[in-house]
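Listed below are the residues making up each chain.
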Amino acid sequence: MKTKTIARKPVRTGKGSSAVRAARPAKPASRAQANGKAKIQARVVAKPVSKAAKVAARSAAVPIDADLPIIYVNGQMLPKSKAMISVYDHGLLYGDGVFEGIRVYQGKIFKCKQHMDRLYHCADQIRLKIPVTRERMVQIQRECIEANKLNDGYIRLVVTRGFGTLGLDPRRCPTAGVICILDQIRLFPKEAYEAGMRVIVARRPKTPIACLDPRIKSLNYLNNILAKCEAIDFGCDEVIMLNLDGEVTEGSGDNIFIVKDGRLYTPPADAGILEGVTRGFVMRELAPALGYSCTERTLRLEDVLTADEVFLTGTAAEIIGVTQIDQHDGNGKITRSTRISDSEGPITRALRLRFREIATSNSVPEE
Ligand SMILES: Cc1ncc(COP(=O)(O)O)c(C=O)c1O
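Before going into details, it helps to say that this report is about the structure given with it.

1. Digging into the overall build of the chain
Next, step 1: Of regular secondary structure, the chain possesses 11 helices and 17 strands.
Next, step 2: Taking as baseline every contact in the chain between residues at least 6 positions apart, the subset at least 24 positions apart corresponds to 69%.

2. Topic: the site of the ligand
Next, step 1: Taken together, 14 residues lie around the ligand, and Gly-276, Val-277, Thr-278, Gly-314 and Thr-315 are the ones closest in.
Next, step 2: Of all elements in the fold, only helix H9 (277-289) and strand E15 (309-314) reach the threshold of two or more residues within the shell around the ligand.
Next, step 3: Ranked by residue count, the leading element in the shell around the ligand is H9, at three residues.
Next, step 4: Considering only residue class, the shell around the ligand consists of two nonpolar, nine polar and three charged.

3. Observations regarding the pairing of strand E3 (residues 70-73)
Next, step 1: When E3 meets strand E4 (residues 76-79), the two strands line up antiparallel, connected through four bridges. By the bridge assignment for E4, Ile-71 is matched with Leu-78.
Next, step 2: What sits between E3 and E4 in their antiparallel hairpin is a turn of two residues, with Asn-74 showing a positive phi close to 45°.
Next, step 3: Two elements, E3 and strand E8 (residues 177-183), share two bridges in a ladder whose sense is antiparallel. Along E8, the bridge assignment pairs Tyr-72 with Cys-180.

4. Concerning the nonpolar core
Next, step 1: Formed by 41 residues in total, the largest nonpolar core has its most connected members in Val-199, Val-239, Ile-240, Ile-258, Val-304, Val-310 and Val-322.
Next, step 2: Looking at this core, the element that brings in the most residues is H9, giving six residues.
Next, step 3: For Ile-240, the residues in contact, after removing those within four places along its chain, are Val-199, Val-201, Ala-202, Val-248, Gly-251, Ile-256, Val-304 and Ile-325.
Next, step 4: Judged by nonpolar contacts, the second largest core, of 29 residues, contains Ile-70, Leu-78, Met-116 and Leu-128.

5. A few points about the environment of Arg-349
Next, step 1: Within the element layout of this structure, Arg-349 appears in helix H11 (residues 346-359).
Next, step 2: Distance from Arg-349 to Phe-311, taken between C-alpha atoms, is 9.7 Å for residues 38 residues apart in sequence.

6. Section: helix H6 (residues 134-148)
Next, step 1: A rise of 1.5 Å per residue sets the reference length of H6, with its 15 residues, at 21 Å; its end C-alpha atoms lie 21 Å apart and thus fit the reference within 8%.
Next, step 2: Positive phi appears at Lys-149, one or two residues downstream of H6, with a value of about 50°.

7. Points about the sheet that holds strand E5 (residues 97-105)
Next, step 1: An order of E4-E3-E8-E7-E5-E6 is seen for the six strands of this open sheet, with the pairing classed as antiparallel. Both outer strands of the open sheet, E4 and strand E6 (108-109), are each paired with one neighbouring strand and no more.

8. Remarks on unusual backbone geometry
Next, step 1: The amide bond that connects Leu-68 to the next residue, Pro-69, takes the cis arrangement and shows omega of 0°.
Next, step 2: With respect to the helices and strands, the residue Pro-69 is situated in the loop between strand E2 (63-65) and E3.
Next, step 3: Not every positive phi belongs to a glycine, and Arg-127 is a case in point at roughly 60°.
Next, step 4: Within the fold, Arg-127 resides in the loop between helix H5 (112-125) and H6.
Next, step 5: On the basis of neighbour count, Arg-127 is assigned to the exposed category, with 9 C-beta atoms found within 10 Å.

9. Re H5
Next, step 1: Here H5 contains 14 residues, and its C-alpha end-to-end distance of 20 Å stays within 8% of the 20 Å for a straight helix at 1.5 Å per residue.
Next, step 2: Within H5, burial applies to Cys-112, Gln-114, His-115, Met-116, Arg-118, Leu-119 and Cys-122.
Next, step 3: Summarising the contacts, the buried residues of H5 are in contact with E5, E6, H6, strand E7 (153-160) and H9.
Next, step 4: Just past H5, the residue Arg-127 takes up positive phi, approximately 60°.

10. A closer look at the packing of H5 against H6
Next, step 1: In contact at an axis separation of 11 Å, H5 and H6 are set at 125° when each is read in the N-to-C sense. With respect to H6, the element H5 is oriented oblique. Here the hand of the crossing between H5 and H6 comes out right-handed. Contacts between H5 and H6 involve Cys-112, Met-116 and Tyr-120 from the first element and Arg-134, Met-137 and Val-138 from the second.
Next, step 2: Taken together, the residues that form the contact of H5 with H6 break down as five nonpolar, no polar and one charged.

11. Here we look at the packing of H9 against H11
Next, step 1: One way to put it is that H9 packs onto H11 with a least axis distance of 10 Å and a crossing angle of 95°. As far as their axial angle goes, H11 and H9 are roughly perpendicular. On the side of H9, the interface is formed by Val-282, Leu-286 and Ala-287, while H11 contributes Leu-351, Arg-354 and Phe-355.
Next, step 2: Residue classes in the contact of H9 with H11 are distributed as five nonpolar, no polar and one charged.

12. What about the environment of Thr-266?
Next, step 1: When you line up the elements, Thr-266 lands in strand E13 (residues 263-266).
Next, step 2: On the neighbour-count criterion, Thr-266 (24 C-beta atoms within 10 Å) is buried.
Next, step 3: Beyond its immediate sequence surroundings of up to four residues, Thr-266 is in contact with Asn-255, Ile-256, Phe-257, Arg-279, Met-283, Cys-294 and Glu-296.

13. A look at the pairing of strand E12 (residues 255-260)
Next, step 1: For E12, a buried count of five out of six residues is recorded, marking the element as mostly surrounded by other parts of the structure.
Next, step 2: Where E12 lies against E15, five bridges are found, and the strand directions are antiparallel. Opposite Ile-256, over in E15, you have Leu-312 as the bridge partner.
Next, step 3: One ladder, built from three bridges, connects E12 with E13; its direction is antiparallel.

Definitions and limits used
Positions within a chain are numbered from 1, following the residues in the order the chain's sequence is written. Given that this is a predicted model, residues contribute local features only at a pLDDT of at least 70 and side-chain atom pairs are listed and counted only at 80 or more, while totals for whole chains, interfaces and linings are drawn from all residues. Helix and strand labels come from DSSP, where a helix needs a run of H or I of at least four residues and a strand needs a run of E of at least two; each type is numbered from the N terminus. Placing a C-beta atom from the backbone of each residue, one calls two residues in contact when those atoms lie within 7 Å. Placing the C-beta atom from the backbone, one calls a residue near a molecule or strand if that atom lies within 6 Å of it. Three categories are distinguished: nonpolar for Ala, Val, Leu, Ile, Met, Phe, Trp, Tyr, Cys and Pro, charged for Asp, Glu, Lys and Arg, and polar for the others, with Gly belonging to the last. At least two bridges found by DSSP between two strands are what make those strands a pair. Definition of nonpolar core: a set of buried Ala, Val, Leu, Ile, Met, Phe, Trp, Tyr and Cys residues joined via C-beta atoms within 7 Å. Around each residue's C-beta, the other C-beta atoms within 10 Å are counted; 20 or more make the residue buried, 12 or fewer make it exposed, and counts in between make it partly exposed. All C-beta atoms are placed from the backbone. In this analysis, the expected span of each helix is defined as 1.5 Å times one less than the number of residues it contains. Angles here are taken between N-to-C directions and fall from 0 to 180 degrees, while the axes themselves are lines fitted to C-alpha atoms, restricted in helices to the stretch in contact. With respect to orientation, any angle under 35 degrees is reported as roughly parallel, any angle over 145 as roughly antiparallel, any angle of 65 to 115 as roughly perpendicular, and every other angle as oblique. Handedness of a crossing is defined here by the sense of rotation of the near helix relative to the far one, left-handed for an anticlockwise turn of less than a right angle and right-handed for a clockwise turn.

Printed below as a string of structure tokens:
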């Protein structure tokens, strides 16, 4: 059977408007598709067999905005509903690949250079050859910004091992896949940014460096996801993960800082963390500019529980205060609750507000 493709023409490397034209469906399949904002329901393929199954299937149906955003997939700009990769891709089959989450503020790619450094370095670490140059990778992101007319958003760059066979052997995947999605993201409720949030200490330890170095931002996030599930079980949005030696590492998708006696501390890379771009920005630029010193130091949980302030940083999370830290016994019971502060601490607030100022200014740093 012939497959119907929306944008067969390769997207030109030139200015965005041609990219947009190439991306738009030549003949919208329906009026709903013609109207990019129309919501449709994803079709549930398996036929429900009982009433209960029908109800479950209905609630599992994910609403999809048919056309937007326009997504870059392996050389093509495609509407969201058509942006797909092969089920034989080892990114899907084995979590074999790397990714980046990057913010776009005021049309600028925040700390673009550092994200590209990390992406290409991580790919190297897993012996993955990215099939496009760094310059082209940046251009792809700019084309997505242009195609979607989004000045503020979140870029998800994914490089997968690519199409292969059902076995693990990466040599059977001749070409890596490249995906660039520009969309919106919000990890935590808006109010939590001023009020601060409650987090839980995960009982599941962080994957040890010797097994898979958390510095590698690989597609393999199950350790983080399962830790996050512990938070979800207790009605909170984030966890603090410890390594096998009981040292504090990071959150499921963000780095951790504490403030003690007016100084900032954050765990070093050898605790087993992703060296976050936002973490680096806070340590090397934001905190010093506001007159605060920041040191990498091994932190035990007690250091965090007795801190004056605790906050998390990340591209998606930005900067958010932690006001309460709970511990649980693994059997559904909270065993200890520690109040850090009543709302976000004053230094956390100063850093967050300065970060916001920069993100909404005309001088968003790409370097
Ligand atoms: C596990 C983990 N730690 C930390 C971070 C924060 O890193 P960055 O500031 O580069 O987004 C992330 C974000 O993706 C993450 O997934």
